[in-house]
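# Summary of the model geometry
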Amino acid sequence: MIEAVIGLEVHIELGTKTKMFCRCENRFGAPPNTLTCPVCLGLPGALPRPNQDAVERVVRLALALGAELAPVLEFDRKHYFYPDLPKGYQISQSRTILATGGSVPVGDRSIGLHHLHLEEDAGKLAHLGGRASVDLNRAGVPLVEIVSLPEMHSGAEARAFMEEIRLWAEHLGLAEVRMEQGVLRADLNVSVRRAGDETLHPRTEVKNMNSFRALERAVTYEVDRQSRAIQAGEPLLQETRGWDDQAGRTYLQRRKETADDYRYMPEPDLPSYPLNEAWVVEIAAHLPPGPAALRKKLAELGLTPEALSVVMESRARSQLLLEAAELGADPVAAAQWIVGDLARVERESGMSLAERTYPASDLVELIRRVDQGTLAGPGAKRALELSYRDRRTLSAVVDEEGLAALSDQRELDRLIDQVLAANPVAVQDLLAGQEKALGFLLGQLMRQARNVDPKSAAGRIRERAKACSAGS
Ligand code: ZN
Ligand code: MN
């Protein structure tokens, strides 16, 4: 039997307004090199100043995960040369790490942490048409690095750990963790041994995994590759490997004979200073609920496991749901809107709920009107969409766009009669008991009047069809 031993180093970009050591805006998607200054460009003589909000976010995470905080905040220079690192070093932590220990509950296990530290991100290289160019908007963005103990044993377990870390970061307000923007990246270490052996074979590292699926596949691939090598009696070497997602395999990038020498030295431009105890106590007293507590709360409100996991994906979604429920809305109805149409509008508008901060009162109003039947079907969806996109209140949108459900019975009957008269074959089919015909007629009706409540209209179509056959 061969056993795999897996550890992860997870980097999360903190969603602070400004960068770690300068006041440049911390924002994804701006034109290249527009969010830079002498500090993050590494120009001589520029002096860094730490971002207190970034420190606070990491302290929050450390406290929530039960890690032990260092008494002082201290930074070191980690030297390496890379074109996206203009200073020639990264400001990180090595002598005094911000927090050590702690653990992350994953399912019925608890994965231990080695430490958490604070550092800055590098820029980004883009390879375009045979040329490499560099964008330094990301240089100096605050990062928390979370280093697990090598306590995981499968790709599925590594994935579950990374997913859980993502939820902690979301719900403790460290960042809006948008995977597609590379906010969360993991380096993985994999080694194997025969069960019962003390010593591990040399490990491989795979860097910069930014999707859960890729991480799981890469771990599984590596465990398999290394196990086969051992069984075949082939030597394993310490290597850094890349992941080819298309081919579904890792490939050799470089062999390591010795540990990298980063020539760490104390950062002379940032004096160390003690963490204020009263401030830490204050943060500890106001920790938001972590994923486990939130999961329990949402389940108690009656959410299905599927709805629960979509709501939990974002802090903004779960807060909206809890606020709507507090204002008296049915939580299950609220979850249906959030998971369905609201998630769609988030996607289509490119504006996440965290950016939009949609007021719970509007969601409550939507649910109330649908309950009463004054807003229905496509009209209700349209009202949500427009109020979200245009930052208008739901009632304003309904009034101004004339989206209220058709409540005039005579007007509804007139429209239905028109549709029935225009589709005599379908009417005959319906009377002969073919239910498909009802869907067709309803579709025709909705094309005429988008604000019809489909539930009540369906019944009315049936009645009118019977009436007109009786009358003819
Ligand atoms: Zn800057
Ligand atoms: Mn790092």
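A few points on the structure. (Residues numbered from 1 in each chain as written. Chains lettered and ligands numbered in written order. Predicted model: local features only at pLDDT ≥ 70, side-chain atom pairs only at ≥ 80, totals over all residues. Heavy atoms only, no water.)

### Thoughts on the overall build of the protein
Looking only at helices and strands, the protein features 16 helices and 17 strands. Scaling as 2.2 N^0.38, a compact globule of 472 residues should have a C-alpha radius of gyration of about 23 Å, whereas the protein reaches 29 Å, well beyond that. On the principal axes, the C-alpha backbone points of the protein span a range of 95 × 55 × 50 Å. Out of the 472 residues in the protein, the part that is buried amounts to 47%. Taking as baseline every contact in the protein between residues at least 6 positions apart, the subset at least 24 positions apart corresponds to 69%. Of the side chains in the protein, 58 bear a positive and 67 a negative charge, and the two mean positions are spaced by 4 Å. (Helix = DSSP H or I, 4+ residues; strand = E, 2+ residues; numbered from the N terminus. Rg over C-alpha atoms; globule rule 2.2 N^0.38 Å. Buried < 20%, exposed > 50% of the residue type's maximum accessible area, 1.4 Å probe, protein only. Contact = heavy atoms within 4.5 Å. Lys, Arg positive; Asp, Glu negative; His and termini not counted. Charge placed at Lys NZ, Arg CZ, Asp CG, Glu CD.)

### What to know about the coordination of the manganese ion (ligand 2)
The manganese ion (ligand 2) binds to the protein through His 11 (NE2), Glu 119 (OE) and Glu 145 (OE); the donor distances cover 2.0 to 2.2 Å. The exposure class assigned to His 11 is buried, which follows from its relative accessible area of 12%. You can call Glu 145 buried: its relative accessible area is 8%. (Donors = N, O, S within 2.8 Å, 3.2 Å for Na, K, Ca; no water.)

### With respect to the coordination of the zinc ion (ligand 1)
Coordination of the zinc ion (ligand 1) by the protein is provided by Cys 22 (SG), Cys 24 (SG), Cys 37 (SG) and Cys 40 (SG), with metal-donor distances spanning 2.3 to 2.4 Å. Relative to the metal, the 4 donor atoms surrounding the zinc ion (ligand 1) lie at angles of 98 to 116°, and the coordination shape comes out tetrahedral. Along the chain, the residues donating to the zinc ion (ligand 1) fall in the pattern C-x1-C-x12-C-x2-C. Of the two residues, Cys 24 is situated in the loop between strand 1 (2–13) and helix 1 (52–64) and Cys 40 in the loop between strand 1 and helix 1; the sequence distance between them amounts to 16 residues. The burial state of Cys 24 is the same as that of Cys 40; both residues are buried. (Tetrahedral: all angles 85-135°; square planar, octahedral: opposite > 155°, others 65-115°.)

These values are about where atoms sit, not about what they do.
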